[in-house]
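# Structural description and commentary
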Amino acid sequence: MPRPTPKPSKHTPPTSAPPEVVSPVWLVKAIAVTIVVALLCGYLTFCLLFYQGQWQLVLHPTRTSTAPASIAGIPYQLIHFDPDESATPQLTGWWIPASPGARYSNTTILFLPAGDGSLADSSTLLANLHNIGLNVFAFDYRGYGQSASTRPSQQNMTRDADSAWQYLTNSRAIPEQQIIPYGTGVGASLATQLAVDHSKIPALILDAPHADLLELAQHDTRSRLIPLSLLFHENFPLATPLATLKTLKLLLSRTSATDQSYRTAADPKVTVELSTLSDPLFNQSLTRFLDQYLPASSPQLVPSAAPVR
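All values derive from a computational prediction rather than experimental measurement. (Residues numbered from 1 in each chain as written. Predicted model: local features only at pLDDT ≥ 70, side-chain atom pairs only at ≥ 80, totals over all residues. Heavy atoms only, no water.)

### Points about the overall build of the chain
A tally of helices and strands in the chain yields ten helices and ten strands. Burial analysis of the chain (309 residues in total) assigns 46% to the buried set. Sequence separation of at least 24 residues holds for 65% of the intrachain contacts in the chain that already meet a minimum separation of 6. For the chain, the exposed area adds up to about 16,700 Å²; of that, 58% sits on carbon and sulfur atoms. (Helix = DSSP H or I, 4+ residues; strand = E, 2+ residues; numbered from the N terminus. Buried < 20%, exposed > 50% of the residue type's maximum accessible area, 1.4 Å probe, protein only. Contact = heavy atoms within 4.5 Å. Areas by Shrake-Rupley, 256 points an atom, 1.4 Å probe, with all protein chains shown as cover.)

This is the structure:
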């Protein structure tokens, strides 16, 4: 008997799908996007590193391990102040008292040094101020000299200047009317800010200022790769606050070209050009300024002054 012919199966095996082909154009685009993202991340990282380390373009601190035996032969008192949360002083300063019966023993200079080196580099200037007959309080910002080992910055140095002011007015109980900030280099900006914040300050002395530092930073070749004007914050402004500050000002210049901030500074002001630190005109100008506007018998100043050159 013949076998029945088997019926064909209703389920046929599926045919294999053709493999997907990746377009070379898509691969090129993916690689290009990856490279662009990597470059962007690298550029943003570079900008961040510059933002955090830009202080190195304009500030050059020097650390010191020991205090000098004297300030150009003048005895002084080493001061540790501005304690942190652990009661550890963060700032180190020098108190150089005026000699008994000195000409300006009622007046104290709050000295704000430049942003290079350390306070030890200003010993000759501090001795000159003392020899005129003034009390002098000078200190190292954090990151300088024997003060706390912290990265310096405009923000930190502004806080340090205010701490020095608080030390004189609170710890030493010196009246505000008897304190004159003296700023040199970037310290000129900090001294000016103190005068802006404390209207009772009788006078302000600025010596060879080094502020408004954006232009200086622009000379660094690394700054050409980034949007410097957006990222730069270590500017130490001077011209703008001086233009409206009504506090009496003695403006000392060490070059023949008067600083732009001096030309635009508001009156009253006295401008003096000096050749060197040892210029006899330095002592003459300072004593004339103090005698004319700060009589030894009174801590108050005459409210106006005519520019002198």
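### Focus on the sheet that holds strand S3 (residues 89–96)
The strands that make up a sheet pair up through hydrogen bonds in the backbone, lying either parallel or antiparallel. Taking strand neighbours across the sheet as the criterion, the eight strands line up as S2-S3-S6-S4-S7-S8-S9-S10 in an open arrangement whose pairing is mixed. Each end of this open sheet is capped by a strand with a single partner; those strands are strand S2 (77–83) and strand S10 (269–273). Recorded for the sheet is a direction-independent mean angle of 20° between the axes of neighbouring strands. In the sheet, strand S7 (residues 179–185) pairs with strand S8 (residues 203–209) via four bridges, with the strands oriented parallel. Counterpart to Thr 184 in the pairing with S8 is Asp 207. Running at roughly 175° to strand S9 (residues 248–253), helix H10 (residues 280–293) makes contact with strand S4 (104–112), strand S6 (134–140), S7, S8, S9 and S10 of the sheet. (Pairing = 2+ DSSP bridges. Axes fitted to C-alpha atoms, helices over the stretch in contact; angles between N-to-C directions.)

### Thoughts on the nonpolar core
Ranked by internal contacts, the top residues of the largest apolar core, which has 41 residues, are Leu 110, Phe 137 and Leu 206. Only helix H2 (55–58), S2, S3, S4, S6, helix H4 (154–171), helix H5 (187–197) and S8 provide two or more residues apiece to this core. Not counting residues up to four positions away in its chain, the partners in contact with Leu 206 are Gly 183, Ala 188, Ala 191, Thr 192, Leu 238, Leu 242, Leu 250, Leu 251, Leu 252 and Tyr 262. If you look at the next biggest cluster of nonpolar residues, it comprises 33 residues, including Ile 109, Phe 111, Val 136 and Tyr 293. (Core = buried A, V, L, I, M, F, W, Y, C linked by side-chain atoms within 4.5 Å.)

### What about the packing of aromatic side chains?
Counted according to the given criterion, the structure contains ten aromatic pairs. Linked through ring pairs, Phe 81, Phe 137, Phe 139, Tyr 141, Tyr 144 and Tyr 167 together constitute an aromatic cluster. Over the face of the ring belonging to Trp 95 we find Arg 172, whose NZ or CZ atom lies 4.2 Å from the ring centre. (Phe/Tyr/Trp six-rings, centres within 6.5 Å; stacked < 30°, edge-to-face > 60°. Lys NZ or Arg CZ within 6 Å of the ring centre and 35° of its normal.)

### Looking at the confidence of the model for the chain
Averaged over the chain, the pLDDT score is 84; the fraction of residues at 70 or greater is 79%. Residue range residues 297–309 is modelled with pLDDT below 50. Its contacts to residues more than four positions away, or to other chains, number 37 contacts. (pLDDT = per-residue confidence, 0-100.)

### Quick look at unusual backbone geometry
For the bond running from Asp 267 to Pro 268, omega is 5°, close enough to zero to count as cis. By the element assignment, Pro 268 lies in the loop between helix H9 (260–263) and S10. Of note in the backbone geometry, Asp 82 takes a positive phi value of approximately 60° without being a glycine. Within the fold, Asp 82 resides in strand S2. Since its relative accessible area comes to 15%, Asp 82 is described here as buried. Phi is positive for Ala 208, close to 50°, though the residue is something other than glycine. Tracing the backbone shows Ala 208 in strand S8.

### Notes on the pairing of S7
Counting buried residues in S7 gives seven out of seven residues, a clear majority hidden from the surface. For S4 and S7, the ladder comprises five bridges, and the chain directions are parallel. For Leu 112, the partnering residue across the bridge sits in S7 and is Gly 183. In the classification by handedness, the crossover that spans S7, the intervening H5 and the parallel S8 is right-handed. (Right-handed = clockwise from strand over helix to strand, strands pointing away.)

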